[in-house]
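Here are the chains, one letter per residue:
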Amino acid sequence: WTPESAAPAETPTAPLIEKAEPSIGLAEMLLPVWLAVAALLLMRLVTGRALLLLLRCRKQRANDRALLEQVRQLARKLGLPKPVRVYQSPRVQGPMAFGMLRPSLALPSSFCREFTAAERQAISLHELAHLAARDPWWHLLTDALASLLWWHPCAWWARRRLRTLSETCADE
């Protein structure tokens, strides 16, 4: 037995737990991707609404008195509380309803020449039904939610389903 063997053993100077280098977690990697895609989809949504606003600002109002009177009567029958503005433009490919605060119809410039009076009435009634059901509000809501939840297939399914039901209801 020696006195050195009775002395306590030296404690190691190195720490028992080594400090790990900071690493990027999955959440930190996916957040920029989610933000980038959501931003692109929201920009697309805003651009579409801006184009409709531009159509309205250019004041390309329809001037066919018979068409305007027909739209006014149909809107009254559907119980629309505000007057519906009718715009015509060569850039519009097909009839559409838009405007949440100012209900509006956008029609191709050739609308009155291409369709008979009965066809114009049916098409106008269909588009006005979208306004009566407040479809522009619902479409904006589902577009915004799908843009934010772009990674979730149910968001896109619900958006597509709403659009399909919206068209079906407007046809009835």
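Scroll up to find the structure this text is about.
Definitions and limits used
Residues numbered from 1 in each chain as written. Predicted model: local features only at pLDDT ≥ 70, side-chain atom pairs only at ≥ 80, totals over all residues. Heavy atoms only, no water. 1 Å grid on protein atoms, 1.4 Å probe; cavity = no way out; pocket = protein on both sides within 12 Å on 5 of 7 lines; lining within 4 Å. Points joined across faces, edges and corners; volume = space filled by probe spheres on them. Helix = DSSP H or I, 4+ residues; strand = E, 2+ residues; numbered from the N terminus. Patch = residues over 30% accessible without salt bridge, like charges linked within 9 Å, V, L, I, M, F, W, Y side chains within 5 Å. Areas by Shrake-Rupley, 256 points an atom, 1.4 Å probe, with all protein chains shown as cover. Salt bridge = Lys/Arg side-chain N within 4 Å of Asp/Glu carboxyl O. Buried < 20%, exposed > 50% of the residue type's maximum accessible area, 1.4 Å probe, protein only. Expected span 1.5 Å × (residues − 1). Arc of directions from axis to C-beta. Contact = heavy atoms within 4.5 Å. Polar contact = N/O pair within 3.5 Å; in protein donor to acceptor, adjacent residues only side chain to side chain.

1. A short note on the layout of surface pockets
And then number 1: Approximately 950 Å³ is the volume attributed to the largest pocket.
And then number 2: Around the largest pocket, the lining is made up of 35 residues, and of these G48, R49, L52, M96 and F98 lie nearest the centre.
And then number 3: Elements that contribute at least two residues to the lining of the largest pocket include exactly α2 (26–57), β2 (96–98), α5 (117–132), α6 (135–148) and α7 (153–171).
And then number 4: It is α2 that provides the largest number of residues to the lining of the largest pocket, a total of 11 residues.

2. Re a nonpolar patch on the surface
And then number 1: On the surface, M100, L101, W137, W138, L141, L145, L148, L149 and W151 cluster together to form a nonpolar patch covering roughly 890 Å² of accessible area.
And then number 2: Secondary-structure assignment places W151 in the loop between α6 and α7.
And then number 3: Judged by relative accessible area, W151 falls into the partly exposed class, the value being 49%.

3. What to know about helix α3 (residues 65–78)
And then number 1: Here α3 spans 20 Å end to end across 14 residues, near enough to the 20 Å set by a 1.5 Å rise per residue.
And then number 2: Regarding α3, the residues found buried are L67, Q70, V71, L74 and A75. Projection of α3 onto a plane perpendicular to its axis shows the buried side chains occupying an angular sector of 130 degrees, all on one side. Exposed residues lying more than 90 degrees from the buried face of α3 are R65, A66, R76 and K77.
And then number 3: If you follow the buried residues of α3, they end up packed against β1 (85–89), β3 (104–108), α4 (111–114) and α5.
And then number 4: One side-chain oxygen at the N-terminal end of α3 lies 3.0 Å from the backbone nitrogen of A66; it belongs to D64.
And then number 5: A positive phi of about 80 degrees marks G79, the residue just after α3.

4. With respect to unusual backbone geometry
And then number 1: With a phi close to 60 degrees, R134 is a non-glycine residue in the positive phi region.
And then number 2: The residue R134 is located in the loop between α5 and α6 in this model.

5. A word on the pattern of salt bridges
If the charged atoms of two oppositely charged side chains come close together, the side chains can form a pair.
And then number 1: Within the structure shown, the criterion is met by 4 salt bridges.
And then number 2: Close ionic contact of R72 with E69 constitutes a salt bridge, the shortest N to O distance being 2.4 Å. Taken together, the residues R72 and E69, both in helix α3 and 3 residues apart, mark about one turn of the helix.
And then number 3: The partly exposed category is assigned to R72, whose relative accessible area is 43%.
And then number 4: What emerges from the salt-bridge pattern is a single network uniting R49, D143, R159 and R163.

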